[in-house]
Structure formats: structure tokens, C-alpha cells
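Survey of secondary and tertiary structure
Okay, here's what each chain looks like letter by letter:
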Amino acid sequence: MAVSDRTSWGGRFLDNPAAFVAGAVAVLLLLDLVRRLVTGALGPATLMTYLWTGLVIGLIYGLAGIGLSLTYSILNFANFAHGEYVSVGAFSGWSTAYIVAGGSIATLGDLFLLRPPAGRVGVSITSAPLAVVVGLVVGVVVTVAMALVLDRIVYRPMRGAEGISLLIASIGVAFAVRYLLALVYGTGRPGVTAGTRRFFVGDTLGLGRFIVDSHQIAIIVASLGLMLGVHLLLTRTKLGKSMRAMADNEDLARVTGIPTERVIRSTWILGGGLAGAAGFLVVLTQGTIAYNIGWLLLLLIFAAVILGGIGSVYGAMVGGVVIGIAQQASSIWLRGPWSDMTLPVTFALLIVILLVRPQGIYGGVETT
Amino acid sequence: MSNSPRERLSVLRTRFSQGGGVNDAALLLVTMLALWVLFAAVGMYLQYDTAGVLGTVVNMTFLVAVYALAVLALNLQWGYAGLFNIGVAGFMAVGAYSVGILSGDPGGTPAGFGLPLPIGILGAMLIAALVGLVAAFPALRLRADYLAIATVAMSEIIRTTLLARPFAEITGAGQGFRNFPSNPARTLYYENPGDVTSEPNAIGEAVFGVFESLGVARTNLVVDLTYALLLLVIVGIVYVLSRRTGNSPFGRVLKAIREDELVAESLGKDTRLFKIKIFMLGCALMGLAGALWQGLGNQSVNPTTNFLPVLTFYIFIALIVGGSGSNTGSVLGGAVFAALLFLLPTYISNIVSTFNLTLPRPNSAVEAVTPLFSADPMPLVGFVVANIDSMRFIIIGVLLVWLMQNRPDGLLGHRKEVASSVDLMQRDRKRGQTAATDGGRSQGGESDE
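Since we're looking at a predicted model, the values are computed, not measured. (Residues numbered from 1 in each chain as written. Chains lettered and ligands numbered in written order. Predicted model: local features only at pLDDT ≥ 70, side-chain atom pairs only at ≥ 80, totals over all residues.)

**Things to note about the overall build of chain A**
From N to C terminus, chain A includes 15 helices and 2 strands. Dimensions along the principal axes, computed over C-alpha positions, put chain A at roughly 60 × 55 × 35 Å. Burial analysis of chain A (368 residues in total) assigns 49% to the buried set. Within chain A, residue pairs in contact and separated by at least 24 positions form 77% of the contacts whose partners lie at least 6 positions apart. (Helix = DSSP H or I, 4+ residues; strand = E, 2+ residues; numbered from the N terminus. Buried ≥ 20, exposed ≤ 12 C-beta atoms within 10 Å, placed from the backbone. Contact = placed C-beta atoms within 7 Å.)

The structure is reproduced here in C-alpha cells:
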């Protein structure tokens, strides 16, 4: 693939004045953070809470981002339906968890539609660990199945089409799936998780007391486990190597005899599965579920992927955690009514990254 | 001239691809007439009174006009220059809020500046263009899909900022913004247009009298009708403007950028400047669309329900339906999308209820689907009809996928205007004959920028 010489003015760091401005702002914020910690305006426990909740939500962004990053680099298009893969994982997983945990308190249909109040069903990692685990597994399986079906009927006939055509098609997929979920589950925003056990940690470390709940621990365990699995898959197996080869240079991969269709199928399995898991887990921490849950996350996932560098799996993980922590830590400065600006500032961060370093932290893949 | 069928076909094709003015105007007129007849028929079928039928038609006309306006703006960016802007809703929000803040009543809440409406509208376009410039700078140096992500992020930044409480005194935040200047149609008919209880002026008396004798006593409807017709005139003006832009030397460079930016650059064009200019022009027109649609037209906006990214996708779908790259296609796509895909489904449940079909009304998707196992599809049909809102989006999504797979050039066929001022295929074939046969339409004499 020819590397265009337009990169020369596209991604250079040093001759980019915006980079200096962005860097200066970052340094100022960091200095201000230190000042607040020293003067006691910001307690260590509060900071730890921001970092901890940011890490939890960031790992979920990263998990969903891996799939987006993989499809982006291997299939060469920005999948705007990726948020809906997250939603499908969330709904199918939680329907299953409700059915497993609910037993006979309501009809099967009502349990499937998440109708009974969360308190009566009582799904949480401490009260019904089996329901949560089965829900996670089913969420992953259903999302993988959907990803494969969608690939077969939507994307495969368009193999080799331009990225923009595929992008538009994925917007169509996003619409269809999102409103299919709305049709089945309605447009409300029910709470589905039962209360869970909380721990206070940090006292012994002299960091003050901050709250950690068992759902957050479950999310960290599950997402780190899945990420480790992806890492092993990509580095230790032949399939993983083929995937990385295809992300780097598709033509070369094909010449080398890599079965591209099979690699694409594996990409959807991996990306869809991780998105489904992320969807199930994000409901575990948010507590509520809605038909547009994935769409609301999509831009944040994009931010994570772009920050990490499109095509880089580790970049997506790191980018997700950075975006998650940035989002939470912004409350240090954005207080009271200004907390409404958290989302605009996070999205602005996305644009700044595009401006300063479009290839992302770990980006090695073409950026023209 | 040779009269072989092949020659005649290619002449026809040239006429279409160049957009023979008469054909296109006739096509648009016929489409509009057909839609009027269709919606009047729907109203009559549902046994509305005269005012009700007129209301149906007026509502449709308004939507067609505002969609056409927004689609024309997007066509300048995507159809001509290939800039994939999916932040249309954000720029429309900027236009709507700007016209409200610039020309709104200084005594209302949130207070406006009370400037005259034309200044307000021009200001809205200017501000939207400037916001477009801000968005364009980081975005235009990137590849198309990055531009897509950056612009959709931009539109969400705009929308969530409009919702944020720190700016409540300017934007109304979560309460939305209602302090819009009254629309020009109302100003035409009323002595004191800002006041709901105002008496009509002399023109108003006369026009309302005529409509009352026709059985339409609702003066608001007459105002809406006038405004919708005014919008159609504005669509006409913007259409001519876009067409001239597209056929100008400037427009030809844009088409060259769309086809192959490297070539345009190699020919000495500063493609970045061209892209920024057209991006700003498109954003200004999106601002105009927002000001005239949600601002002056609806008189009330709220970022929790208006200006969602969904709006951008509607406009995109309309453009794809019509065939991007063509102004006529843009207007047609806007009309077809607004009338047939967006508005018509909302009448379906009313129409179905006239069949005396007593459809079952299942409470949930499960109750709708389970009877299928006993071969009873009626609960599912009833469920779908009752949830036509969601169904509409599903159909739109499926349509979009189908279009991209089968008709990437648009539902109405290949209408992309060629980048050159004359059809190169045509000229090739005529080499050796008299060169003047095609000269009438050629603009080759003008100098490029």
C-alpha cells in the first residue's frame, strides 16, 4: 500500500502549534492537580475514587474499543454499528441473567423483557453470581452470532468497497439494530441490577477511605481476563499473527497465503464478542439499560480507539482507560453546573487528539 | 447530427448528467405535485375537513422544503467535494440558536438582541460558517473517516454544550429555547406578530377572508401555508446558487478534489483552501436550514430531542436516496425522504384503523411473536402497526444498507455531475466533426481560479 507523502504535513508533532498548546494545557492541569492535593483542596480519597471509577469504566471502553480497532484496521472502515453490538450484548446477556435468577417470580416472557423490578429479581454478582456469569457468556455468544450474520448479509457482499460506503452501510445497520431493540424492549431505561456489597479500602495505605463495590471488582477481573486472552491469541497463535498481518498490509497478507475470509470471520468473532461482553459489563456498573446504551458509548469508544491508535489492540486498552479516567477526573475542575461540560470536554479531547496526533499513542498504521 | 440510437442515447445521457435545466425543473415540479395529490388524498381518505386536508399538505410541504434545504447544503460538501460531514445537526443547531439569540425579543427569556430578522438570519449563517471553520481545521487534513468521527463529535459537543447549565442564561439549557422572532409569514399578516392575541393587519384580513370563504377558518394554518411556500422559494434560490457554484470553475475544482485530490493538488490547486471554503459555505447553508426549520418554523428547540445525530443521518439518507453529487437529486431525495419515508408512516396506523380490522394489540414483543408458532401472524402485525415509529427507523436502516449494496449512486439512478464542464466521452466520439456542436453549453472559455 502506497504511503502518501501527505502524511508529512498531517502528523508531524513538532511543527504543529496545536500540539504545544495542548501540551501546555495538560501541564498546567497537572500542576493545578498537584497544588490542589498539597493545599488539601482535593482529598486523596476523592482522587482515588476518580481514578478507580475511571479505571473501571475505561476498561469497558477499552474492551469495546478492541473490537472497533480490529474491524477498523482489518476491514478498513469505521463501524458505526459497533455501539449496537454493545447494546445487543447488554440486552441478550441481561435477559438471560433475569431468566436464570428470576426463576418463577414472573412469566418467562416478562423476565426476558426485563419487566419485573430489579429489586425482586435481584441480579448481582454477590446474590446471583451464576446469573451474572451465564448472562455474560450468553451476551458474548449472541453478539458473536449477530456479528457473523450481519457480516454475511451486509458486509460480505460489499467486500472491497470504499471505506465510506461501508461506513454508511454500518450506519444503516446501527439504525436497524437499535430500533429493533427499541421495538422489543421499549424505549424506557429500567434499572436491572440489585444492590451489591461495598467495601471501603485505602485506610491502611493512608489514602483515605474510598468505596469499591463488588461489581467493579467483577468488571476489572472479567475485562482484564478477556484482554489477557486477546493478547495471548494475537501473539501466540497463528490466527493472531494472520490478523496482525492483515491489519498491517492486506495485499501482502493475501500474497503470503493467509486465508483472508477466515481471518475476517475471526475478527468479527473477536470484536463482536468483546463488544457484547463490554455491553453486559457496562450495565453491571451503570445499573440501568436502554436501547440506545451502545450508541451513547460509541463516541467515547471511538475516542479511546483514536487515542490509542487505530489498529492497535493495546492502544485501544490504554486509550479506553485514559478516556475513562479523564472523564471522571474532569470533575476535579468541572464542578456543580459545570459538570454538564464533562461530555463536551471529552469529545473536544477526541478532536484535539486528531489535531495533535492523528496516529494515536501506538499508531503505526497509515494515517493519510 | 447522426441519428443512430446510440448517439441519441448519449445526447440524452449528457443532458441528464449536465442537468438539462428544463428536464430537472419539470421533474421537481411533477414530484411536488404528485406529493401534494398523495397527501391530499391521504387526508381525504381519513375524512379530515378542508382545513385538516390542507394542514396535512402544508405540514408535508414544510418538511419537504426544510429537508431539501439541508440536503442541498450537504450535497455541496459531500456530493461536490467528497467531504464526509456527519455533524449536520450541530451546524443546524448553531443556526437555529443564533437566529434566536440575535433576533429574539430582548424582553423574553433567554433574552435576545432584538436585531432585525434579515440580520439575524445572515448572522446565523455567518456563525455557522465560522463554527464550520473551527471544525474544518483539524478535520480536513485527515482521511474521510476521521473527518466523519470529528464532525459527529463536533455536533455532539455543540448539542451537549447547548444543554449545559453554565450557559442557561443564553441558551435556556435543558429548558430549551423558545424566544424566537416570529416568522416572516406571521409578520406579513399581523399588526403585532410577536403577540399571540394580535389582530391581523389589512393584508391578513384580506387573505384570511379568502381562506375562510374556502372553509379554512384557522388563521395559523394560513400562516403556516404562506411560510411553507416561502421556504419553497428559498429552496429554489439555494438550488440555483448551488447549481451555479457546481458549474463554476470553483465547483469544477471541487469535483476534481472529490475524484482524485492528488491530481487536483498536482495541477497547482490549493485543495485545502478549496475544501475549507466549500465546508464553510455548506455549514452556512446548514445554519440557514436550522434557522428556518427548527428556529423560525417550529419556534421551539430543545437539545434533548432536537439536533440529535439521528437528524444528520436522515439528511444523509435523503441525499443518498436522491443521488449525491446532483442538486436536482438532492431536492428530490429530500422530498422523497421527508414525505414518503418520514411523514407517510405516521399516517399508517390511522389508515389501518379505517379497515375495521380489529387488530390485536399485544402488550409486548413476546406476546406478539409467540402466536407465530401457532401460525397466527395478526398479533405481530398489530404490534408492528402500533410501534410504527420504531419500524420506520428499522426500515430506514435496512433501506440504507440496501442502497449501499445495490444502488450506491442513489435510488434515482446515476446523477452525479461530471467534473469537467463538457462530457469528455461525448467529445471523444465527435472528434473530427465540427467542434461547435457542443459549444453552446460549454463553459470552457472561463478561466480557472
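**Topic: helix α10 (residues 238-248) of chain A**
All names here are of chain A. The set of residues buried in α10 consists of Ser-242, Met-243, Met-246 and Ala-247. Down the axis of α10, the buried side of the element spans an arc of 135°, and every buried residue falls inside it. Considering only its buried residues, α10 is in contact with α3 (44-75), α9 (214-236), α11 (250-255) and α12 (260-286). (Arc of directions from axis to C-beta.)

**Comments concerning the packing of α9(A) against α12(A)**
All names here are of chain A. Following both chains from N to C, one finds α9 and α12 inclined at 170°, their axes separated by 10 Å at the closest point. Considering their axes alone, α9 and α12 lie roughly antiparallel with respect to each other. In contact with His-215, Gln-216, Ala-218, Ile-219, Ala-222, Ser-223, Leu-226 and Val-230 of α9, α12 contributes Leu-270, Leu-274, Ala-277, Leu-281, Leu-284 and Thr-285. (Axes fitted to C-alpha atoms, helices over the stretch in contact; angles between N-to-C directions. Parallel < 35°, antiparallel > 145°, perpendicular 65-115°, else oblique.)

**Considerations on the interface of chain A and chain B**
It is common to give the size of an interface as the accessible area that goes away when the parts come together. Taken together, the contacts link 43 residues of chain A with 41 residues of chain B. Where the side of chain A that touches chain B is concerned, the elements lending two or more residues are α1 (7-10), α5 (108-112), α8 (163-185), α13 (293-308) and α15 (342-356) of chain A. It is α8(A) that provides the largest number of residues to the side of chain A that touches chain B, a total of 16 residues. The residue inventory of the side of chain A that touches chain B, partitioned by class, reads 36 nonpolar, 6 polar and 1 charged. (Nonpolar A, V, L, I, M, F, W, Y, C, P; charged D, E, K, R; others polar.)

**Looking at the confidence of the model for chain A**
Residues and elements named next belong to chain A. Averaged over every residue, the pLDDT of chain A is 85; residues scoring 70 or more account for 92%. Looking across chain A, the model is least confident in α1, with a mean pLDDT of 44, and most confident in helix α7 (residues 129-155), with 94. Ignoring residues within four places in sequence, the model shows residues 1-13, a span with pLDDT below 50, making 18 contacts including any to other chains. (pLDDT = per-residue confidence, 0-100.)

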